Amino acid sequence: MIEKRATILVVDDERINIQILNNALGDQYNILAAMTGERAIKVASESLPCLILLDIVLPDISGHDVCRALKSNELTQHIPIIFITAQSGADDELIGLELGASDYFRKPFVLPLVKARIRNQIELVQKTAELERLAWIDGLTGVSNRRRFDQLYFDACKYAKRNKRRISILLLDIDFFKQYNDHYGHVKGDEVLKKVARTIEQCASRPLDLVARYGGEEFVILLTDSSESEGAMLAEKVREKIEELAIPHIKSTIHKAVTISIGVTTSSDKGSAFDCRKLLEVADRCLYEAKSMGRNTVVSTDFRPEMTE
Ligand SMILES: Nc1nc2c(ncn2[C@@H]2O[C@H](COP(=O)(O)OP(=O)(O)OP(=O)(O)O)[C@@H](O)[C@H]2O)c(=O)[nH]1
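On a predicted model such as this, the values are computed, not experimentally measured, just so you know. Every chain is numbered independently, its residues counted from 1 as its sequence is written. Under the rules for a predicted model, residues below a pLDDT of 70 receive no local features and side-chain atom pairs below 80 are neither given nor counted, while totals for whole chains, interfaces and linings still include all residues.

In this section: the domain arrangement of the chain. According to the domain assignment, the chain contains domain 1 (7-136) and domain 2 (146-308). Taking only C-alpha atoms, the centre of domain 1 and the centre of domain 2 are 43 Å apart. For the purposes of this description, domain bounds are those given by an automatic or database domain assignment.

Residue Pro 108 is bonded to the preceding Lys 107 through a cis peptide linkage, with omega at -5°. Of note in this structure, Leu 48 is not a glycine but carries a positive phi near 40°. Strands here are runs of E lasting at least two residues and helices are runs of H or I lasting at least four, both read from the DSSP assignment and numbered beginning at the N terminus. Within the fold, Leu 48 resides in the loop between α2 (37-47) and β3 (51-55). Here a residue counts as buried when 20 or more other C-beta atoms sit within 10 Å of its C-beta, as exposed when there are 12 or fewer, and as partly exposed otherwise, the C-beta atoms being derived from the backbone. The class of Leu 48 is partly exposed, set by 13 C-beta atoms lying within 10 Å. A positive phi angle, close to 50°, is found at Asn 296, a residue other than glycine. Inspection of the secondary structure puts Asn 296 in the loop between α10 (276-292) and β10 (298-302). For Asn 296, a count of 21 C-beta atoms within 10 Å corresponds to the buried category.

Taken together, 17 residues lie around the ligand, and Phe 177, Lys 178, Gly 189, Gly 216 and Glu 217 are the ones closest in. If you list the elements that add at least two residues to the shell around the ligand, you get β6 (167-174), α7 (177-184) and α8 (186-203). Only Asp, Glu, Lys and Arg are considered charged, only Ala, Val, Leu, Ile, Met, Phe, Trp, Tyr, Cys and Pro nonpolar, and every remaining residue, Gly among them, polar. The class makeup of the residues in the shell around the ligand is five nonpolar, five polar and seven charged. Contact assignment follows one rule, namely that a residue is near a molecule or strand if its backbone-placed C-beta atom lies within 6 Å of it.

Rendered as C-alpha cells:
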C-alpha cells in the first residue's frame, strides 16, 4: 500500500512528454519537472523526490551524467531513477542499469505499464524506508537505538571536528533500577523506561537533538552544535522533569521516587583532536561520579584530550 502522496521528478527536454506524464500521474503523485540536466540535479538535491524519471537526451548534459552525479551524492544516491528514452539499443539500457538506474521506459509511453511500474517502484521505496526506520528504533521505548546512535554520533564528531563546533554528550542512567524491577516487577520496570524515554524526548526536542537508548536502563542525548553550558543546563532540566514525574520507588534510598543520574561532557570548539570514544568515556566517568555523589545528580565537565590519557 502507498502510504502518502509521493513526489516524482520528471526530467525531459520536451514539454509535451512532461505534460503526458503529469496528466497520467498527477492525480496520484506530486509532479516536479526539469528540462535540463543541471536543473534536474538541483531540483533533485533540494526536493529529494521519491523517484526520478530521466530522459537520456537532454540539451546540456546527458541523462547518464545526471544519473552519475545523483548516485555520487550522499543525499540523492538512494533515489531510484527510471530512464525514459526513444533510443532502444540494449547498450543504452545496460549503461543506465550499470550506473544504478532501476528501470527503463521507452517512448512513446504505454501509460498503463508506466503507471504500474512506477507504483511498484514507489512501494519498494516506501517499504525500504519503513524497514530502515524500524531498524533504528528501540522497540520498547520508541527512541533511537544504540546502532542508530553509533552511526549518527560518528557523523556528528566528524562534523564538529571539521567545522570547529562543540558537541555535548549526556549519559543518563536510572537510579536503583535493579531494586525497582526486583520490587515492582519487569513489566512495571518497562513502563518506567517508556516514561523516562518520553520525558527525555520532550526535554531534548530541537531538530538536531538525538535521544537514544544506550543500554538497558541507560539513555544518551547527543547535542550537535551545542554551546558550552547547554549540555549541563539540559541535563539539569531532564533530572528535574524525571523527579517531577514522582513515580513511586520505595526501594530507592534517596528519594522514594524514580530519579536519574547524568554525566555530561562538551567538546572544545577549537577543533582540537578528540575521538568519539574518549568523549563518551569522559561522559561515563561523570555519570559514575554522579552515582557516587549520591545519585539524582548531574556532573558535567568540559572535555580535554588529556583527561583520558
Ligand atoms: N524492566 C526492564 N529492566 C531492564 C531492562 N534493561 C535493563 N534492565 C534492568 O536494569 C537494571 C540495572 O541495574 P544496575 O545496573 O545494577 O543499576 P541500578 O540498580 O540502577 O543501580 P545504579 O545505577 O547504581 O543506581 C537491571 O536489573 C536490569 O535487569 C529492560 O528493558 N526492562
